[in-house]
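A look at the structure
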Amino acid sequence: MFEELEIAKNKCAECQKCPLHKTRTKMVFSDGIPNTKLMLIGEAPGYYEDQQGKPFVGRSGQLLDKIFESVGLSREKDIYICNTIKCRPPDNRNPLPEEKLACREYLDIQLQTLKPKIILLCGAVAVQSLLPDITSGITKIRGQWFNGPNGAKMMPIFHPSYLLRNPSHEVGKPKWLMWQDIQEVKKAYDELT
Ligand code: URA
């Protein structure tokens, strides 16, 4: 059923469309289950992701797992996780526009094959890729629903690395806002199933 995804993954492992292939250890295609209604799109693989070939396995990923677990969602059962680009940029810099363009075909295949009903745009890089006309910063638009591909609902959420830098749980702070957003996501998810 998801043969197209497998073909894209194998092609991506051999991909040399941008210079990042020269410095990657492993290409990072996705994690979680493919038959899901919920997709999360992050920015780009970091050090640990590049080593293991899996998205969100470092400190940011551990926090992300906790955030999902707090509303009873897990990677193993409920979420398909990927990034805007599949190879690690040196020193974890933001992906360059030409890298995002070169890698876009893989993200498009993921979106077209899975047709997720809910898409979470995790951080500013993912927002720029899927909502290129939005100029407001993530702080303004997080927690709002936007129209996505194939009738999906898309919500920008803070990137967990931002939450690691802003650890306060106080009302109104980024972590507190994230917990409001994830509850809204769970509500929408439950309405689908
Ligand atoms: N940050 C991301 O955006 N993606 C990852 O896979 C890991 C860290």
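For the structure itself, look to the data block above.
Quick look at the structure, then. Everything quoted here is computed from the prediction, not taken from an experiment. (Residues numbered from 1 in each chain as written. Predicted model: local features only at pLDDT ≥ 70, side-chain atom pairs only at ≥ 80, totals over all residues. Heavy atoms only, no water.)

Next up on the list: the site of the ligand. Close to the ligand lie Gly42, Glu43, Ala44, Glu49, Pro55, Phe56, Asn83 and His159, which account for all nearby residues. Here an oxygen atom of the ligand sits 2.9 Å away from a polar atom, N or O, in the main chain of Phe56. One of the side-chain N or O atoms of Asn83 is found 2.8 Å from a nitrogen atom in the ligand. Look at the ligand: alone it shows 240 Å² of surface, and the protein chains cover 92% of it. In this structure, the ligand is accommodated by the largest pocket. (Near = heavy atom within 4 Å. Polar contact = N/O pair within 3.5 Å; in protein donor to acceptor, adjacent residues only side chain to side chain. Areas by Shrake-Rupley, 256 points an atom, 1.4 Å probe, with all protein chains shown as cover. 1 Å grid on protein atoms, 1.4 Å probe; cavity = no way out; pocket = protein on both sides within 12 Å on 5 of 7 lines; lining within 4 Å. Sits in = over half its atoms within 2 Å of the grid points.)

Of the pockets and cavities examined, the largest pocket occupies roughly 600 Å³. Taken together, 27 residues form the lining of the largest pocket, with Glu43, Ser60, Asn92, His159 and Ser161 sitting closest to its centre. Mapped by element, the contributors of at least two residues to the lining of the largest pocket are α2 (47-52), α3 (59-69) and α7 (160-165). Take the lining of the largest pocket: its biggest share by element is four residues, from α7. Of the residues that constitute the lining of the largest pocket, the class distribution is 12 nonpolar, 10 polar and five charged. (Points joined across faces, edges and corners; volume = space filled by probe spheres on them. Helix = DSSP H or I, 4+ residues; strand = E, 2+ residues; numbered from the N terminus. Nonpolar A, V, L, I, M, F, W, Y, C, P; charged D, E, K, R; others polar.)

So, on to helix α4 (residues 97-114). A turn of α-helix holds 3.6 residues, and therefore any two residues three or four places apart point the same way. Here α4 is 18 residues long and its end C-alpha atoms lie 25 Å apart, about the 26 Å a rise of 1.5 Å per residue gives. Of all the bends found along α4, the most pronounced is centred on Cys103 and spans about 45°. Along α4, the positions that sit buried rather than exposed are Glu99, Lys100, Ala102, Cys103, Tyr106, Leu107, Gln110, Leu111, Thr113 and Leu114. Where α4 is buried, its residues meet α1 (3-13), β2 (38-42), β3 (79-83), β4 (118-122) and α5 (124-130). (Expected span 1.5 Å × (residues − 1). Bend = angle between axes of the 7 residues up to and from the residue. Buried < 20%, exposed > 50% of the residue type's maximum accessible area, 1.4 Å probe, protein only. Contact = heavy atoms within 4.5 Å.)

One way to put it is that α1 packs onto α4 with a least axis distance of 10 Å and a crossing angle of 170°. On the basis of the axis angle, α1 is roughly antiparallel to α4. Across the interface between the two elements, Glu4, Leu5, Ala8, Lys11 and Cys12 of α1 pack against Glu105, Tyr106, Ile109, Gln110, Thr113 and Leu114 of α4. (Axes fitted to C-alpha atoms, helices over the stretch in contact; angles between N-to-C directions. Parallel < 35°, antiparallel > 145°, perpendicular 65-115°, else oblique.)

Bringing the packing of α3 against helix α8 (residues 174-192) into the picture now. Remark: α3 packs on α8, axes separated minimally by 10 Å, with the N-to-C direction vectors making an angle of 50°. The angle between α3 and α8 falls in the class oblique. Here α3 runs over α8; the crossing is right-handed. Each of Leu63, Ile67 and Phe68 in α3 lies in contact with α8, whose residues at this interface are Lys175, Met178, Trp179 and Ile182. Broken down by class, the residue content of the contact of α3 with α8 amounts to six nonpolar, no polar and one charged. (Left-handed = near helix turned anticlockwise from the far one by under 90°.)

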